[in-house]
Structure formats: C-alpha cells, structure tokens
Amino acid sequence: MAIRNIRELGDEILRKNCREVKEVTPRIRELIQDMYDTMYEAQGVGLAAPQVGILKRIVVIDVDGTPYTMINPQILEKSGEQTGSEGCLSVPGKAGIVTRPNYVKAEAWNEEMERYEVEAEGLLARAICHELDHLDGVMYVDLVEGDIYDVTAEDEDEE
Ligand code: ZN
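Everything numeric in this text was worked out from a predicted model, so none of it was measured.

Cut-off values and rules
Residues numbered from 1 in each chain as written. Predicted model: local features only at pLDDT ≥ 70, side-chain atom pairs only at ≥ 80, totals over all residues. Heavy atoms only, no water. Core = buried A, V, L, I, M, F, W, Y, C linked by side-chain atoms within 4.5 Å. Buried < 20%, exposed > 50% of the residue type's maximum accessible area, 1.4 Å probe, protein only. Helix = DSSP H or I, 4+ residues; strand = E, 2+ residues; numbered from the N terminus. Contact = heavy atoms within 4.5 Å. Expected span 1.5 Å × (residues − 1). Salt bridge = Lys/Arg side-chain N within 4 Å of Asp/Glu carboxyl O. Polar contact = N/O pair within 3.5 Å; in protein donor to acceptor, adjacent residues only side chain to side chain. Pairing = 2+ DSSP bridges. Axes fitted to C-alpha atoms, helices over the stretch in contact; angles between N-to-C directions.

A.B. asks: In this structure, what is going on with the nonpolar core? I would like to understand it.
C.D. replies: Across soluble globular proteins, nonpolar side chains have a tendency to be buried as a group. Of all hydrophobic cores here, the largest spans 27 residues; its most connected members are Val-59, Ile-61, Met-70, Val-118 and Ile-128. Only β2 (58-61), β5 (91-100), β6 (103-109), β7 (115-121) and α2 (122-135) provide two or more residues apiece to this core. In terms of residue count, the dominant contributor to this core is α2 (7 residues). The residues touching Val-59, leaving out its near neighbours within four places in the chain, are Met-35, Leu-47, Ala-48, Tyr-68, Thr-69, Met-70, Glu-131, Leu-132 and Leu-135. The next biggest cluster of nonpolar side chains, apart from the first, holds 16 residues, and it includes Val-21, Ile-32, Tyr-36 and Ile-58.

Structural data, given as structure tokens:
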C-alpha cells in the first residue's frame, strides 16, 4: 500500500493525453492499488492515473462502495443531462457547476484485461465522464459554468 502524490491544477502532466494500456504488468497492478489507496486516503470518489503523474489510460472510481477499475475506458452511449457541483482531487478545496450526461454506458477492461460494460446514472455517470476527461487532459475547470468556489472538506465529493 502506498499513497502517491496527487498532481494539482497547473501541473502540465494533467494536460497531456494518456497512452493505452496493452497489458497489466505487476507494475500496473501496483499502480492501480496505489490509486485506490490514494483516492480513499483523500476521500475522493474517483482518480485518474495522470493525477498521480502516470500517463496511462487507467481510472479508479468508487462512488458508493462499488469499486470500478477502468482500463482503456470509452463511453459508448450517453443521454440526458445533469447539472450540479463537481470537485477534483487535483483542485483541492474547490468546486464548480458542470453539466454532464445523466446516463452513460461505458466499456473498459479490468485488471485481468477482461472487457466489461457499465451503465451508470447520476453521480456514477458524472464520475465516469470526469475521470475519462482526465485521460485526454481535460479538467472540469474547462467546463465549469460560472465561477469556481471554495468548499469545506466535509461536503463535497472530489474526483
Ligand atoms: Zn478530477
């Protein structure tokens, strides 16, 4: 178990495109475990590999006790709309209003490199969109409606 340093807005690594994962090596397994440890330690609901300085297409998400390891994820379908506040572990203590699809269907590969699909609504759909954006160097501050505002640590989920 290891907690990795979370990169913050302004770090150029957060703006780069991540590379596809071809196989899950022991190092990648360790990275994924560290990403979970880092996310839970920071009380986040999602974390993308570039947030810990690794330019690979890997995200971890846990919004309600069900962890999703998503390798090479892609959104297959989306519909509806939700507008709400969103935060990011790379922008600590801040949040902003972002509109996202209310439903997404995504595909990804797990640690065994088995393909799976996930259908998500609400917060999980928001988290998937947010984390997948990180893999292309996009951050929620690019999409925010109005101003970024300060939040207290207790009342926001950060991704
Ligand atoms: Zn984020």
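A.B. asks: Help me understand helix α1 (residues 26-41) in this model?
C.D. replies: Because an α-helix completes one turn every 3.6 residues, residues spaced three or four positions apart along the sequence face the same direction. Counted at 1.5 Å a residue, the expected span for α1 with its 16 residues is 22 Å, and the 22 Å between its end C-alpha atoms agrees. Turning to α1, its buried residues are Ile-28, Leu-31, Ile-32, Asp-34, Met-35, Tyr-36, Asp-37, Thr-38 and Met-39. Contacts made by the buried residues of α1 are with β1 (46-48), β2 and β3 (68-79). A positive backbone phi angle near 60° is found at Gln-43, which sits one or two residues after α1.

A.B. asks: Mind showing me how you'd approach the pattern of salt bridges here?
C.D. replies: Proximity of charged atoms lets side chains of opposite charge pair with each other. Here the structure, examined in full by the defined rule, presents 14 salt bridges. Among the salt bridges present, the one from Asp-133 reaches Arg-100, with a minimum N-O distance of 2.9 Å. Within this pair, whereas Asp-133 is found in helix α2, its partner Arg-100 is found in strand β5, the two being separated by 33 residues in sequence. Among the residues examined, Arg-100 registers a relative accessible area of 6% and is labelled buried. Among the charged side chains, a network of salt bridges with common partners joins Glu-77, Lys-105, Glu-107, Arg-115 and Glu-117.

A.B. asks: Sorry, what's going on with the environment of Gln-82 here?
C.D. replies: Note on placement: Gln-82 falls in strand β4 (residues 82-88). As a C-alpha pair, Gln-82 and Thr-99 span 17 residues in sequence and 5.5 Å in three-dimensional space. When neighbours within four sequence positions are excluded, Gln-82 is seen to be in contact with Val-98, Thr-99, Arg-100, Pro-101, Asn-102, Gly-122, Leu-123, Ala-125 and Arg-126. In this structure the side chain of Gln-82 is engaged in a polar contact, spanning 2.8 Å, whose partner is the backbone oxygen of Gly-122.

A.B. asks: When you look at the sheet that holds β6 in this model, what are you seeing that I'm missing?
C.D. replies: The strands that make up a sheet are held in pairs by hydrogen bonds between backbone atoms, and each pair lies either parallel or antiparallel. In space, the 5 strands of this open sheet follow the order β1-β2-β3-β6-β7, with antiparallel pairing throughout. Edge positions in the open sheet fall to β1 and β7, since each of these has one partner strand only. The sheet shows a mean angle of 35° between the axes of neighbouring strands, direction not considered. One ladder, built from 7 bridges, connects β6 with β7; its direction is antiparallel. Looking across to β7, one finds that Lys-105 is bridged to Glu-119. In the packing of α1 onto the sheet, the strands contacted are β1, β2 and β3, and the crossing angle to β2 comes to about 40°.

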